[in-house]
Amino acid sequence: MSDATRPARRWVLFLPLVIFAGLVLLFLFRLFAGDPSKLPSALIGKPAPALTLQPVEGLMHEGKPIPGFGPADLATGKPVLVNVFASWCPPCHQEHPFLMDLAKAGRIGMIGLNYKDKPENARRFLGRLGNPYARVGVDPDGRNAIEWGVYGVPETFLVDGRGIIVFKHVGPLTPEIIRDRLEPAIQAAGG
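All figures in this text were calculated on a predicted structure; none of them were measured in a lab.

Participant: Any chance you could explain the side chain of Asn-144 here in plain terms?
Facilitator: Mapped onto the elements of the fold, Asn-144 is located in helix 4 (residues 143–148). Of the residues examined, Asn-144 reaches a relative accessible area of 19% and is grouped as buried. When near neighbours in sequence (up to four residues on either side) are disregarded, Asn-144 contacts Leu-51, Leu-53, Val-138 and Asp-139.

Participant: What should I look at first to understand the sheet that holds strand 4 (residues 109–115) in this one?
Facilitator: One open sheet accounts for 5 strands, arranged 5-4-3-6-7; its pairing is mixed. Pairing within the sheet leaves two strands with one partner each, and these edge strands are strand 5 (135–139) and strand 7 (165–170). Here the strands of the sheet are splayed against their neighbours by 20 degrees on average, with no regard to which way each runs. Most of the contacts of helix 2 (residues 90–105) go to strand 3 (residues 80–85), to which it runs at about 160 degrees, and overall it touches strand 3, strand 4 and strand 6 (155–159).

Participant: In this structure, what is going on with helix 5 (residues 175–188)? I would like to understand it.
Facilitator: Turn by turn, an α-helix covers 3.6 residues, leaving residues three or four places apart pointing in a common direction. When the terminal C-alpha atoms of helix 5 are compared, their 19 Å separation across 14 residues agrees well with the 20 Å that a helix rising 1.5 Å per residue should span. Where helix 5 bends most, the angle comes to about 40 degrees, and this point is Leu-182, followed within four residues by the proline Pro-184. Every buried residue of helix 5 is listed here: Ile-177, Ile-178, Leu-182, Glu-183, Ala-185 and Ile-186. Its buried side turned inward, helix 5 meets strand 3, helix 2, strand 6 and strand 7. Once helix 5 finishes, Gly-190 follows within two positions and takes phi at roughly 95 degrees, a positive value.

What counts, and where the lines are drawn
- Residues numbered from 1 in each chain as written.
- Predicted model: local features only at pLDDT ≥ 70, side-chain atom pairs only at ≥ 80, totals over all residues.
- Heavy atoms only, no water.
- Helix = DSSP H or I, 4+ residues; strand = E, 2+ residues; numbered from the N terminus.
- Buried < 20%, exposed > 50% of the residue type's maximum accessible area, 1.4 Å probe, protein only.
- Contact = heavy atoms within 4.5 Å.
- Pairing = 2+ DSSP bridges.
- Axes fitted to C-alpha atoms, helices over the stretch in contact; angles between N-to-C directions.
- Expected span 1.5 Å × (residues − 1).
- Bend = angle between axes of the 7 residues up to and from the residue.

This is how it looks when you write it as C-alpha cells:
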C-alpha cells in the first residue's frame, strides 16, 4: 500500500461517524426548533375525510340522543369546527372551557370526534364539563383519526361550508390561538 492511499482510507473509516453526528444534529434541531402546533397538514385545502362515525353510546342532550356525524354534516354551507378529544387527555380538559365559549357564541357548528375512549368515560367527561358539540362521533380504535391526519389529542380542524379543511391546530386551543389563528380562519371561511 502506498502512502498516498493511506490518508484516503482513514477518511473512509470516519465517514460513518460523520454521518451519525449529522443525523444527531438534525434530530436535535427538529426536536427543539419545531413548534408541534404548527405541524403541516396534507389535508389543508382538501375535502374532509368521507367517514361516517357512530354516536357515543348513551350520550344524550335534553332527552334526545346526540348523533354521530358523516360527510353531509361537514358540507352544510357554514363552517364547522371538528375537535378531536378524549376524556383521558389532560390538554383536552384544559381547552374545554374555550370550546364551550365558542359553542355559546354560536358562530360555527361544532362536532366532536371522541378518540380511543370508552363511551362511559366520554359521557362522564361531557356531562361534567359541558357538551359544546351538536354531534359527537366515536373512534374507538383510532382508525378514523388516521384518515384525518391526527397526530394526537387534542387537535382541531376547521371545515368550510363546502366540506374543505381550511385550518388545523395541534394541541389545546387557548384564547390567544383562538383570537390570532382560529378566528381569522373562521372569518375567511365565511363564519
